[in-house]
Amino acid sequence: MSSAEDPAERRRSSFSERVLKGGSEPDPRFTLANERTFLAWIRTSLAFLAGGIAIEAFTGDLFDLAIRKFLATVLLLLGMLLSAGATFRWLGVERSMRHKAPLPLPIIAPLVAVGGAIASGVLVVVVLTR
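Residues numbered from 1 in each chain as written. Predicted model: local features only at pLDDT ≥ 70, side-chain atom pairs only at ≥ 80, totals over all residues. Heavy atoms only, no water.

### So, the pattern of salt bridges
Then, number 1: Inspection of every chain in the model, using the stated rule, returns 5 salt bridges.
Then, number 2: Between Arg98 and Glu25 there is a salt bridge, with its nearest N and O atoms 3.2 Å apart. Placement of Arg98 in helix α3 (residues 65-98) and of Glu25 in the loop between α1 (14-20) and α2 (28-58) is noted, with a sequence separation of 73 residues between them.
Then, number 3: Owing to a relative accessible area of 5%, Arg98 belongs among the buried residues under this scheme.
Then, number 4: Two residues, Arg29 and Asp27, come together in a salt bridge whose shortest N-O distance is 2.4 Å.
Then, number 5: Members of the salt-bridge network, linked through shared partners, are Glu25, Glu94 and Arg98. (Salt bridge = Lys/Arg side-chain N within 4 Å of Asp/Glu carboxyl O. Helix = DSSP H or I, 4+ residues; strand = E, 2+ residues; numbered from the N terminus. Buried < 20%, exposed > 50% of the residue type's maximum accessible area, 1.4 Å probe, protein only.)

From the geometry alone we can't say anything about function, so treat these as descriptive.
The structure is reproduced here in C-alpha coordinates:
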(Lines give C-alpha, C1' and ligand atoms only; values in the text may rest on other atoms or scores of the structure.)
Protein backbone atom coordinates (compact mmCIF):
# COMPACT_ATOMS: atom_id res chain seq x y z
CA MET A 1 0.00 0.00 0.00
CA SER A 2 1.47 3.36 -0.96
CA SER A 3 1.62 6.18 1.58
CA ALA A 4 -1.02 8.13 -0.39
CA GLU A 5 -3.48 5.29 0.23
CA ASP A 6 -2.57 4.84 3.88
CA PRO A 7 -5.42 6.32 5.98
CA ALA A 8 -2.96 7.50 8.63
CA GLU A 9 -1.17 9.55 5.99
CA ARG A 10 -4.25 11.28 4.60
CA ARG A 11 -4.49 14.96 5.43
CA ARG A 12 -7.58 16.91 6.37
CA SER A 13 -8.69 19.83 4.25
CA SER A 14 -7.20 23.22 5.01
CA PHE A 15 -10.58 24.32 6.43
CA SER A 16 -10.58 21.41 8.87
CA GLU A 17 -6.99 22.14 9.83
CA ARG A 18 -7.86 25.79 10.58
CA VAL A 19 -10.98 24.91 12.58
CA LEU A 20 -9.48 22.01 14.53
CA LYS A 21 -6.08 23.73 14.95
CA GLY A 22 -3.92 20.69 14.37
CA GLY A 23 -3.25 18.02 16.93
CA SER A 24 -3.47 14.29 16.45
CA GLU A 25 -6.52 12.26 15.51
CA PRO A 26 -8.31 11.04 18.64
CA ASP A 27 -9.76 7.59 18.98
CA PRO A 28 -12.83 7.52 16.67
CA ARG A 29 -14.99 6.31 19.57
CA PHE A 30 -14.34 9.56 21.43
CA THR A 31 -15.08 11.66 18.36
CA LEU A 32 -18.33 9.78 17.79
CA ALA A 33 -19.28 10.15 21.47
CA ASN A 34 -18.65 13.89 21.13
CA GLU A 35 -20.96 13.97 18.11
CA ARG A 36 -23.69 12.07 19.99
CA THR A 37 -23.47 14.59 22.82
CA PHE A 38 -23.71 17.42 20.29
CA LEU A 39 -26.82 15.84 18.80
CA ALA A 40 -28.37 15.47 22.26
CA TRP A 41 -27.88 19.21 22.85
CA ILE A 42 -29.41 19.91 19.44
CA ARG A 43 -32.45 17.75 20.29
CA THR A 44 -32.85 19.70 23.52
CA SER A 45 -32.57 22.94 21.57
CA LEU A 46 -35.29 21.80 19.18
CA ALA A 47 -37.51 20.94 22.16
CA PHE A 48 -37.11 24.48 23.52
CA LEU A 49 -37.89 25.92 20.09
CA ALA A 50 -40.99 23.73 19.78
CA GLY A 51 -42.06 24.73 23.30
CA GLY A 52 -41.70 28.43 22.49
CA ILE A 53 -43.74 28.06 19.32
CA ALA A 54 -46.37 25.98 21.11
CA ILE A 55 -46.78 28.53 23.91
CA GLU A 56 -47.23 31.36 21.43
CA ALA A 57 -49.54 29.41 19.14
CA PHE A 58 -51.74 27.46 21.53
CA THR A 59 -51.98 29.23 24.89
CA GLY A 60 -53.80 32.42 23.95
CA ASP A 61 -56.70 31.59 26.26
CA LEU A 62 -54.47 30.49 29.19
CA PHE A 63 -51.97 33.34 29.54
CA ASP A 64 -52.07 37.10 29.22
CA LEU A 65 -50.38 38.41 26.10
CA ALA A 66 -47.34 39.76 27.99
CA ILE A 67 -46.75 36.49 29.86
CA ARG A 68 -47.23 34.42 26.72
CA LYS A 69 -44.77 36.58 24.77
CA PHE A 70 -42.23 36.48 27.61
CA LEU A 71 -42.38 32.69 27.98
CA ALA A 72 -42.24 32.10 24.24
CA THR A 73 -39.30 34.50 23.90
CA VAL A 74 -37.37 32.88 26.78
CA LEU A 75 -37.83 29.42 25.28
CA LEU A 76 -37.00 30.51 21.73
CA LEU A 77 -33.88 32.40 22.85
CA LEU A 78 -32.85 29.44 24.98
CA GLY A 79 -33.21 27.13 21.98
CA MET A 80 -31.20 29.48 19.80
CA LEU A 81 -28.39 29.93 22.36
CA LEU A 82 -28.32 26.22 23.10
CA SER A 83 -27.86 25.24 19.46
CA ALA A 84 -25.04 27.76 19.06
CA GLY A 85 -23.50 26.68 22.37
CA ALA A 86 -23.67 23.03 21.31
CA THR A 87 -21.64 23.84 18.21
CA PHE A 88 -18.94 25.64 20.17
CA ARG A 89 -18.95 22.90 22.82
CA TRP A 90 -18.48 20.19 20.18
CA LEU A 91 -15.60 22.12 18.63
CA GLY A 92 -13.93 22.82 21.99
CA VAL A 93 -14.12 19.17 23.05
CA GLU A 94 -12.79 18.02 19.67
CA ARG A 95 -9.84 20.41 19.92
CA SER A 96 -9.14 19.35 23.50
CA MET A 97 -9.08 15.68 22.52
CA ARG A 98 -6.73 16.40 19.62
CA HIS A 99 -4.29 18.27 21.86
CA LYS A 100 -4.68 15.95 24.86
CA ALA A 101 -5.81 18.94 26.93
CA PRO A 102 -8.46 19.13 29.67
CA LEU A 103 -12.01 19.33 28.41
CA PRO A 104 -13.64 22.79 28.46
CA LEU A 105 -16.25 23.60 31.08
CA PRO A 106 -19.81 22.99 29.87
CA ILE A 107 -21.12 26.58 29.85
CA ILE A 108 -24.35 25.53 28.13
CA ALA A 109 -25.48 23.35 31.05
CA PRO A 110 -25.94 26.32 33.43
CA LEU A 111 -27.60 28.21 30.56
CA VAL A 112 -30.23 25.49 30.26
CA ALA A 113 -30.69 25.38 34.02
CA VAL A 114 -31.14 29.16 34.37
CA GLY A 115 -33.43 29.43 31.35
CA GLY A 116 -35.53 26.50 32.50
CA ALA A 117 -35.74 27.97 36.01
CA ILE A 118 -36.93 31.33 34.65
CA ALA A 119 -39.62 29.73 32.50
CA SER A 120 -40.70 27.42 35.35
CA GLY A 121 -40.79 30.30 37.82
CA VAL A 122 -43.06 32.32 35.55
CA LEU A 123 -45.37 29.32 35.15
CA VAL A 124 -45.51 28.76 38.92
CA VAL A 125 -46.46 32.39 39.49
CA VAL A 126 -49.15 32.21 36.80
CA VAL A 127 -50.62 28.99 38.22
CA LEU A 128 -50.64 30.33 41.78
CA THR A 129 -52.28 33.63 40.81
CA ARG A 130 -55.12 32.09 38.74
